[in-house]
Number of protein chains: 2
Amino acid sequence: MGPGPVNADPRVLRAMSAQLVGQYDPSMTAYMNETMALYRGVFKTTNEQTLLIDGTSRAGIEAALVSLISPGDRVLVPIFGRFGHLLREIAERAGAEVHAREIEWGTVFTPAQIEQAIRETKPALLAIVHGDTSTTVAQPLDELGDICARHGVLFYTDVTASLAGNTFQADAWGLDAVTAGLQKCLGGPSGSAPATFSPRAVEVINARKSIEAGIREAGDAVNAHPIRSNYFDLSMVFDYWGPKRLNHHTEATTMLYGARECARLLVDEGMDTAVERHRLHGAAMLAGVQGLGLNVFGDLEHRMNNVVAVHIPDGVTDDAVRGELLNDFGIEIGTSFGPLRGLVWRIGTMGYNARKDTVLTTLAALEQVLRRAGASVTGGGGVGAAYEVYQDAAGA
Amino acid sequence: MGPGPVNADPRVLRAMSAQLVGQYDPSMTAYMNETMALYRGVFKTTNEQTLLIDGTSRAGIEAALVSLISPGDRVLVPIFGRFGHLLREIAERAGAEVHAREIEWGTVFTPAQIEQAIRETKPALLAIVHGDTSTTVAQPLDELGDICARHGVLFYTDVTASLAGNTFQADAWGLDAVTAGLQKCLGGPSGSAPATFSPRAVEVINARKSIEAGIREAGDAVNAHPIRSNYFDLSMVFDYWGPKRLNHHTEATTMLYGARECARLLVDEGMDTAVERHRLHGAAMLAGVQGLGLNVFGDLEHRMNNVVAVHIPDGVTDDAVRGELLNDFGIEIGTSFGPLRGLVWRIGTMGYNARKDTVLTTLAALEQVLRRAGASVTGGGGVGAAYEVYQDAAGA
């Protein structure tokens, strides 16, 4: 019940135990095409280039940034938590001239602040996190696409922590590049990064195409300034997933099976229904921790559905409480990074763990562990408040 | 029965269906430590830094090269097949001044040729493939470590296609960096890259350490010329796998379970026994294709145990034969790249597919398909020759 990775859906794990097929077996390329189509549904996009990057969610971020950024490009990175720092870091290593804007952890930027920063820095790319589990808030993105379009700025976001648990629409919000991971609300293991790229992003990336020696043929593209990474060169990854099936990496078949199953389950459920499920169980967990008498961190107006941060009560030892929860109750909750380290715990309700039984069990266990640690808690207050949320939802 | 990826061992797939545990759960960090120890056995090394890169084997190559190479470094890449071109390509994108040496596909370099090239180019790093499935030959490496040591050159090799199917000894051969993949002789799926780094390589890499903003603390390393990639920055990956457990990527748990099981099965079997298994079934397949009357490509003295290339008989259509084998017999064999494209097929006997039944079935099916395609084949000659190899081995 931490901020992710969390338990995977058993159906996803079962899909991952299927035997492998050859890299260019027609059934394998059919799985790849199906996976592309399913993730168009998950991202709410019509982008042809919707595919998997073979690596963790961080690999997806780096693939997007190193392929979109030519060394020297100006990139604007508004930072409201740990993963904004990561975007800055990766953009810098890709050779960008990064202009960062930082606000207090737990808050989000207004569209006017973003537009003002774009006017000041004239970036080629805006790179911003959607939901940052380090602070538990989600940056509203719905107005940023229009702003970027007006200023001719490419618009990238990382939705690893938010996708499928919070409303997201790649096309309607004007995104050019989006990357994710399986290990949060998608209910799978870390190790595959679903991503989607708009035609405009594809054009920028393909302008840097340079087909590698060893498979290059007469007339093939050779670029004097290729993308700095071979593994993350999306122009080649597009050709591998596209009808050319140009050899690049060897697709991670088992992770593909898992990623495909994550998307299949979500598309079956309906993306809006999945978001509503996260909203309900997240609301129950929020009410529950408040009902126990704990103080919640961050701007509740912009809270992610799938994770809540609570202040560690005075006099209670962070490690001891988390250790007892894990060792005696089999429940993991998260510690924190940076300015919040040692100050808050992060409790997730996401993916396969966004369920009534997990919410109630966690609240019951947390009450017992906190009481034993000497904290003042309201007996039954957590479970009771969560039940009320569920009863209201059932009556509605 | 292609040159890989091939079928995974069902025991590996079963291990991969285990439920996830948290990133810093004591059982997870114990799995990580166990995996490091097991791969020390697989690579035959005592290197502390023996771990997994989260991505395909190509990700392992890029992690090693981008972390070892500072822009402007001279790198020597002897090329004897497709994957030598890949090493050159990745080294170039990492900013190296690459000096390549090429020989005809199907042959290998002599130690004297390598030493001469080192004298001429004075590289910081020698990067060379061990077994290249594109040509089916393995470059002897056993004398190169001494040569590199004499000239103060770091020694890197990619053993994706050869490890566990051919003799390999990281320490005895003086390797500084080695990367692999699961999808060949290790019997797993693509998507995790086992790797090992000598203390000298670790020193070079850690000299470039720069801890990322967001988790950096007072006194932590900030380097003016950090490694160009964040995801592949091995100095941070070492700290993630080491006792510091410094947050970097979110380990791909399911792939870790798979990689751990691949190594566990090999260490149980014994590395030398595993190599002998590949030698036996590879010898049977070689005798079998020769018994059918097919001509084998490449230097047989340096043939890899786990893959053989045969010339496509005159008058036979490449795609039609491979299509019939796949669609009617459920057996995949491989086509080829570059100068060998359309000229040879590549047939593998590796990992879970290094078995008597797979060898005999493939030879029986190939005979039928070739006969129907109008090729002249010796009836029963393939299976008969393979049986002889097995009988000789049983009698020995």
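Residues numbered from 1 in each chain as written. Chains lettered and ligands numbered in written order. Predicted model: local features only at pLDDT ≥ 70, side-chain atom pairs only at ≥ 80, totals over all residues. Heavy atoms only, no water.

Chain A is annotated in an unreviewed UniProt entry as Aminotransferase of Cryobacterium zongtaii. Its UniProt record gives chain A a comment under Cofactor (unreviewed entry), which states: "pyridoxal 5'-phosphate". Of the comments in the UniProt record for chain A, the one headed Sequence similarities (unreviewed entry) reads "Belongs to the class-V pyridoxal-phosphate-dependent aminotransferase family." (UniProt positions renumbered as here; feature names shortened; annotations may be inferred.)

Q: What is the right way to look at helix H10 (residues 271-291) of chain B in this model?
A: Think of an α-helix as 3.6 residues a turn; residues three or four steps apart then line up on the same face. When the terminal C-alpha atoms of H10(B) are compared, their 30 Å separation across 21 residues agrees well with the 30 Å that a helix rising 1.5 Å per residue should span. After H10(B) finishes, the residue B:Gly293 shows a positive phi value of roughly 100°. (Helix = DSSP H or I, 4+ residues; strand = E, 2+ residues; numbered from the N terminus. Expected span 1.5 Å × (residues − 1).)

Q: Could you clarify how one ought to interpret unusual backbone geometry in this entry?
A: Most peptide bonds take the trans configuration, and most residues that are not glycine carry a negative phi. Note that the residue after A:Gly4, namely A:Pro5, is joined by a cis bond; omega there is 5°. Note that A:Pro5 resides in the segment before helix H1 (10-15). Phi at B:Lys44 is positive, roughly 55°, even though this residue is not glycine. The residue B:Lys44 is located in the loop between helix H2 (26-43) and strand E1 (49-53) in this model. At B:Lys122, a residue that is not glycine, the phi angle is positive and equals roughly 45°. Locating B:Lys122 in the fold gives a position in the loop between helix H5 (111-121) and strand E4 (125-129).

Q: Just checking my understanding: could you explain the nonpolar core for this structure?
A: Generally speaking, nonpolar side chains in soluble globular proteins are found buried as a group. Judged by nonpolar contacts, the single largest core of 191 residues is most densely connected at A:Tyr39, A:Phe168, A:Phe197, B:Tyr39, B:Phe168 and B:Phe197. Excluding residues that lie within four positions of it along the chain, B:Phe168 makes contacts with B:Phe43, B:Lys44, B:His130, B:Leu141, B:Thr157, B:Val159, B:Leu163, B:Trp173, B:Leu175 and B:Val178. Of all hydrophobic cores here, the second largest spans 33 residues; its members include B:Leu280, B:Leu292, B:Leu294 and B:Ala386. (Core = buried A, V, L, I, M, F, W, Y, C linked by side-chain atoms within 4.5 Å. Buried < 20%, exposed > 50% of the residue type's maximum accessible area, 1.4 Å probe, protein only. Contact = heavy atoms within 4.5 Å.)

Q: Help me understand the sheet that holds E4(B) in this model?
A: Strand pairing in a sheet relies on backbone hydrogen bonds, with the paired strands running either antiparallel or parallel. Residue and element names in this part refer to chain B. An order of E1-E9-E8-E7-E4-E2-E3 is seen for the seven strands of this open sheet, with the pairing classed as mixed. Bordering the open sheet on either side are E1 and strand E3 (97-102), each of which pairs with just one other strand. Direction aside, the axes of adjacent strands within the sheet are offset by 15° on average. With five bridges connecting them, E1 and strand E9 (residues 193-197) associate as antiparallel partners. Within E9, the residue paired with Leu-51 across the bridge is Ala-195. (Pairing = 2+ DSSP bridges. Axes fitted to C-alpha atoms, helices over the stretch in contact; angles between N-to-C directions.)

Q: Just checking my understanding: could you explain the packing of H2(B) against helix H9 (residues 253-269) of chain B for this structure?
A: Residue and element names in this part refer to chain B. Two elements in contact, H2 and H9, have axes separated by 9 Å at closest approach and are oriented at 40°. Taken together, H2 and H9 sit at an angle that is classed as oblique. The handedness of the crossing between H2 and H9 comes out as left-handed. Here Met-28, Tyr-31, Met-32, Glu-34, Thr-35, Leu-38, Tyr-39 and Val-42 of H2 lie close against H9, whose contacting residues are Thr-253, Leu-256, Tyr-257, Ala-259, Arg-260, Cys-262, Ala-263, Arg-264 and Val-267. (Parallel < 35°, antiparallel > 145°, perpendicular 65-115°, else oblique. Left-handed = near helix turned anticlockwise from the far one by under 90°.)

Q: Before we go on, may I ask you to explain the packing of aromatic side chains in this structure?
A: What characterises a pair of aromatic rings is the spacing of the ring centres plus the angle enclosed by the ring planes. Counted under the stated rule, the structure contains 15 aromatic pairs over all chains. Their ring planes at 45° and their centres at 6.2 Å tell us that A:Tyr39 and A:Phe43 sit as a pair that is tilted. One end of the pair is A:Tyr39 and the other is A:Phe43, both in helix H2 (residues 26-43) and four residues apart, which spans about a single turn. When the ring of A:Tyr231 is compared with that of A:Phe232, the centres are 5.3 Å apart and the planes differ by 65°; the resulting orientation is edge-to-face. The burial state of A:Tyr231 is the same as that of A:Phe232; both residues are buried. Ring pairing ties together the aromatic residues A:Tyr231, A:Phe232, B:Tyr231 and B:Phe232, which thus form one cluster. One Lys or Arg, A:Lys356, reaches over the ring of A:Tyr390 and ends 5.4 Å from the middle of that ring. Taking the ring centre of B:Phe337 as reference, the NZ or CZ of B:Arg82 above it sits at 4.6 Å. (Phe/Tyr/Trp six-rings, centres within 6.5 Å; stacked < 30°, edge-to-face > 60°. Lys NZ or Arg CZ within 6 Å of the ring centre and 35° of its normal.)

Q: I'm lost on the domain arrangement of chain A in this one. Help?
A: Residues and elements named next belong to chain A. Here chain A is partitioned into domain 1 (10-268) and domain 2 (271-395). In this structure, domain 1 and domain 2 have C-alpha centres spaced 30 Å apart. Contact residues are listed per partner, giving 28 residues for domain 1 and 25 residues for domain 2. Carbon and sulfur atoms supply 66% of the area that domain 1 and domain 2 bury against each other, a total of about 2100 Å² over both sides. Together, Trp-105, Thr-136 and Asn-166 form the three largest contributors to the area buried by domain 1 at its contact with domain 2, with a combined 26%. (Domains from an automatic or database assignment. Buried area = accessible area lost by both parts, 1.4 Å probe.)

Q: Got a minute to help me understand helix H7 (residues 199-206) of chain B in this structure?
A: All names here are of chain B. Where H7 is concerned, the buried positions are Ala-201, Val-202 and Ile-205. One face of H7 carries all of its buried residues, which in axial projection span an arc of 100°. What points out from H7, more than 90 degrees from its buried face, is the exposed set Pro-199 and Glu-203. Check the buried side of H7 and you find it contacts E1, helix H3 (57-68), strand E7 (154-158), E9 and helix H8 (234-241). (Arc of directions from axis to C-beta.)

Q: It is not clear to me how the confidence of the model for chain A should be interpreted in this structure. Could you clarify?
A: Averaged over all residues, the pLDDT of chain A equals 96, while 100% of them reach at least 70. Interface scoring of the predicted complex returns ipTM 0.95; its pTM is 0.96. (pLDDT = per-residue confidence, 0-100.)

Q: Looking at this structure, I do not really get the pattern of salt bridges. What am I missing?
A: Any two side chains of opposite charge can pair, on the condition that their charged atoms come close. Following the criterion strictly, the structure yields 44 salt bridges over all chains and no others. In this structure, the salt-bridge partner of B:Asp233 is A:Arg93, at a minimum N-O distance of 2.5 Å. Placement of the pair is B:Asp233 in the loop between H7 and H8 and A:Arg93 in helix H4 (residues 82-93), with the two residues belonging to separate chains. Residue A:Arg93 is classed as buried on the basis of its relative accessible area, which comes to 6%. (Salt bridge = Lys/Arg side-chain N within 4 Å of Asp/Glu carboxyl O.)

Q: Explain the environment of A:Arg11 to me, please; I cannot follow it from the model alone.
A: Take A:Arg11: it is sitting in helix H1. For the pair A:Arg11 and A:Val383, spaced 372 residues apart in sequence, the C-alpha to C-alpha distance is 29 Å.

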